[in-house]
Amino acid sequence: MNNLDLNDRLKKIATLLNKYLPLLSQSDLDVIQGKRVDHKWTNALLELNSSELTRFDAFREHTLLQDSEWLQLTSDIEELSRFKRSAKNQNEVKAFGNIKKQHELNQLYSFLDHDRGRSIVDFGGGVGNLAYFLEGHLSMDVTVLEKDLALVEKGRSKLKKLNSRVNFTHCHVSNDEAGPNISNSELAIGLHTCGNFATDMFRICIDNRMKKIINFGCCYSKIKDNDYNLSSASDSSLHLNQRALSSATQSFNCVPVEFYEYRKKIMNYKFSFYHWLFKSYDHLGFCSMSNARNSLYKNKFSDYLEICLKKYFPEIATPGKEIVQQFYESEANKNLNDYLSVFYAIQRYLGKLVELYILCDRALFLQEKNYCVEIVEVFDPSISPRSCAIVALKN
Ligand SMILES: C[S@@+](CC[C@H](N)C(=O)[O-])C[C@H]1O[C@@H](n2cnc3c(N)ncnc32)[C@H](O)[C@@H]1O
């Protein structure tokens, strides 16, 4: 399957999404209340032992679920995910950042080789790491647009010391506000533009008749106001709720077993906490909890619950530790967590459909605005999971 048939690809993805949307849209709170989507695949996965489930989920051994419909679906997703790949950069180029960022910059180095020396706008350029790289290695004249003033100030002062000529503009690119004037630039790049930022970037570029647009999306769960179904080829009846949108960024490739185990522990503790609140206080709802502290999950569940209650529900009296631990280990709680782990395991495969749908729809939207568009896999998805760029050239 190649990029000439974006239309067909979108239609095929929409058909699959419509069929499997219940497996992507179920809210965790419904599950906690006991309203579950029962499906032959969740039932089959519940029969696997824990090492088999790890292989299925973390190592993507999808054939451990031996069901012809599943095998057909995973093969369809694989085919629909296949895009033209950009050449692997052969020359290691010095770049700032962690392994992921260095990989991205190195790949962009060869991907943007044809645009050497051009003027470029970097949408959401943060402190200007990409901008500095493009200026230094590809002699580009770069303007960073960034809404976070702290990042703009940090970037300006850092790059000034490095004698850079990168220009920073502090602005919030949005559909509602008049955009910055970018008509002097020849191309625009948005690396990991979250939620609607990608579509807002497109609209500004279209208004400014930008010659070339390169966009990598991310954080699809931040899409607001149903800002998808943009192209005439999209299925306007398709509604992606918050859960389905989140699944688009939760679709990973293989992950190391330590990461998998840690993620599982976080999920078990969080869901058990919400389950406890529901069972004890009829409380249904999430609070935004930070995952960052590794040490939090080294606690026994009873200690974890005590810490979380103090932080998020100080009005609730601390319950006895033994009774909390018994709740955690109860059949009902174990059953809930087992169900959610298989449900999420399936979502991590199917979420890819949501990402593909959004990507193809965005690409076709640009095509309808008189751009020649292709989707190219620029990054290695095992290093940078949001690996595909929409590349649009003005006709
Ligand atoms: C996910 S980060 C990506 C940063 C950088 N491009 C990279 O790949 O490392 C998204 C960046 O875009 C900025 N941003 C998000 N929405 C924006 C908007 N509407 N206008 C301007 N900047 C925005 C954020 O502040 C953040 O710095």
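Residues numbered from 1 in each chain as written. Predicted model: local features only at pLDDT ≥ 70, side-chain atom pairs only at ≥ 80, totals over all residues. Heavy atoms only, no water.

A.B. asks: Pulling in residues and values, what's your account of the sheet that holds strand 3 (residues 141-146)?
C.D. replies: If you trace the eight strands from one edge of the open sheet to the other, you get 1-7-8-6-5-2-3-4, paired in mixed fashion. The open sheet is flanked by strand 1 (84-85) and strand 4 (167-170), the only strands paired with a single partner. Where strand 5 (residues 187-194) and strand 6 (residues 212-218) come together, six bridges link them in parallel fashion. Looking at strand 6, one finds that Gly 190 is bridged to Asn 215. With respect to the sheet, helix 15 (residues 331-368) is in contact with strand 6, strand 7 (371-377) and strand 8 (388-394), its orientation differing from that of strand 7 by roughly 155°. (Pairing = 2+ DSSP bridges. Helix = DSSP H or I, 4+ residues; strand = E, 2+ residues; numbered from the N terminus. Contact = heavy atoms within 4.5 Å. Axes fitted to C-alpha atoms, helices over the stretch in contact; angles between N-to-C directions.)

A.B. asks: Please set out the packing of helix 12 (residues 257-281) against helix 15 residue by residue, giving values where relevant.
C.D. replies: Relative to each other, helix 12 and helix 15 sit at 130°, their axes nearing to 10 Å. In terms of axis orientation, helix 12 runs oblique to helix 15. In this structure, helix 12 meets helix 15 at a crossing whose hand is right-handed. Contact residues: Arg 263, Met 267, Asn 268, Phe 271, Ser 272 and His 275 in helix 12; Ala 332, Asn 333, Leu 336, Asn 337, Leu 340, Tyr 344 and Arg 348 in helix 15. The residue inventory of the contact of helix 12 with helix 15, partitioned by class, reads six nonpolar, five polar and two charged. (Parallel < 35°, antiparallel > 145°, perpendicular 65-115°, else oblique. Left-handed = near helix turned anticlockwise from the far one by under 90°. Nonpolar A, V, L, I, M, F, W, Y, C, P; charged D, E, K, R; others polar.)

A.B. asks: Would you mind going over empty space enclosed by the protein in detail, with residue names and values included?
C.D. replies: In total, this model carries one cavity of 30 Å³ or more according to the counting rule given. A volume near 80 Å³ is recorded for the largest cavity. Forming the boundary of the largest cavity are Asp 57, Tyr 260, Arg 263, Lys 264, Met 267, Asn 268, Phe 271, Asn 337, Leu 340, Ser 341 and Arg 348. Mapped onto the lining of the largest cavity, the elements with two or more residues apiece are helix 12 and helix 15. Ranked by residues supplied to the lining of the largest cavity, first place goes to helix 12 with six residues. Split into classes, the residues belonging to the lining of the largest cavity amount to four nonpolar, three polar and four charged. (1 Å grid on protein atoms, 1.4 Å probe; cavity = no way out; pocket = protein on both sides within 12 Å on 5 of 7 lines; lining within 4 Å. Points joined across faces, edges and corners; volume = space filled by probe spheres on them.)

A.B. asks: Break down helix 8 (residues 129-138) for me, citing the residues and quoting the values.
C.D. replies: Residues spaced three or four apart along an α-helix point in a common direction, a consequence of the helix completing one turn every 3.6 residues. Within the sequence span of helix 8, burial applies to Leu 130, Ala 131, Phe 133, Leu 134, Glu 135 and Leu 138. Packed against the buried residues of helix 8 are helix 7 (99-111), strand 2 (119-123), strand 3 and strand 5. Positive phi appears at Ser 139, one or two residues downstream of helix 8, with a value of about 50°. (Buried < 20%, exposed > 50% of the residue type's maximum accessible area, 1.4 Å probe, protein only.)

Treat this as a map of the structure, not an account of what it does.
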